[in-house]
Amino acid sequence: MYPIVGKDSNGPIECSRRFNLFYEFRLALCWRFPGLYIPPLPPKQFTGKTEAFTLLERQYFLNLFLKECCEYRYLAVSIELQTFLRPTKPDIGALLSNL
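Residues numbered from 1 in each chain as written. Predicted model: local features only at pLDDT ≥ 70, side-chain atom pairs only at ≥ 80, totals over all residues. Heavy atoms only, no water.

Chemist: Explain the pairing of strand β2 (residues 11–17) to me, using residue names and the numbers behind them.
Modeler: Judged from the 7 bridges that link them, strand β1 (residues 2–8) and β2 form a sheet pairing that is antiparallel. The partner of Lys-7 across the bridge, within β2, is Pro-12. (Pairing = 2+ DSSP bridges. Helix = DSSP H or I, 4+ residues; strand = E, 2+ residues; numbered from the N terminus.)

Below is the structure:
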């Protein structure tokens, strides 16, 4: 789980997400905004997933991904981002794939 802490115009944000949900979130953005820039995710790690350095490095790049998403207005105000950060139901992956 990767922690997300911050704030936006809707208030404070504090949640945790698995890497797979970041991947599903990015897919939802790519589907909704074809041809527009969507920031890249760090590559999936097949070995060393639990090593402290690997986790810190991935957390850094996931944080960078979210910050970059917030720099582009079309992504920052998207329903996909709000669903990712503030889901209305526990199954975020299903919510993202239904948008």
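Chemist: I'd like a description of helix α1 (residues 19–32), backed by residues and values.
Modeler: Quick reminder: α-helices carry 3.6 residues per turn. Residues three or four places apart thus point the same way. Over its 14 residues, α1 extends 20 Å from the first C-alpha to the last, a length consistent with the 20 Å expected when each residue adds 1.5 Å. On its buried face, α1 is in contact with β1, β2, α2 (52–71), α3 (73–76), α4 (79–85) and α5 (92–97). (Expected span 1.5 Å × (residues − 1). Contact = heavy atoms within 4.5 Å.)

Chemist: For the nonpolar core, give the residues involved together with the corresponding values.
Modeler: One finds Ile-4, Phe-22, Phe-25, Leu-29, Phe-65, Leu-66 and Phe-84 to be the most contacted residues of the largest nonpolar core, which totals 23 residues. Tallying contributions element by element places α1 first for this core, with 6 residues. With residues up to four places along the chain from it excluded, the contact list for Phe-65 reads Phe-22, Phe-25, Arg-26, Pro-39, Pro-40 and Leu-41. (Core = buried A, V, L, I, M, F, W, Y, C linked by side-chain atoms within 4.5 Å. Buried < 20%, exposed > 50% of the residue type's maximum accessible area, 1.4 Å probe, protein only.)

Chemist: If you had to explain the pattern of salt bridges to someone new, which residues and values would you point to?
Modeler: Two side chains of opposite charge can pair, provided their charged atoms sit close to one another. Using the criterion set out here, one finds 2 salt bridges in the structure. As a salt-bridge pair, Arg-86 and Asp-8 come within 2.9 Å of each other at their nearest N and O atoms. Here the residue Arg-86 occupies a position in the loop between α4 and α5, and Asp-8 occupies one in strand β1, the gap between them amounting to 78 residues. Across the pair Glu-80 and Arg-32 runs a salt bridge whose closest N-O atoms are separated by 2.8 Å. Here Arg-32 lies in helix α1 and Glu-80 lies in helix α4, a separation of 48 residues in the sequence. Among the residues examined, Glu-80 registers a relative accessible area of 2% and is labelled buried. (Salt bridge = Lys/Arg side-chain N within 4 Å of Asp/Glu carboxyl O.)

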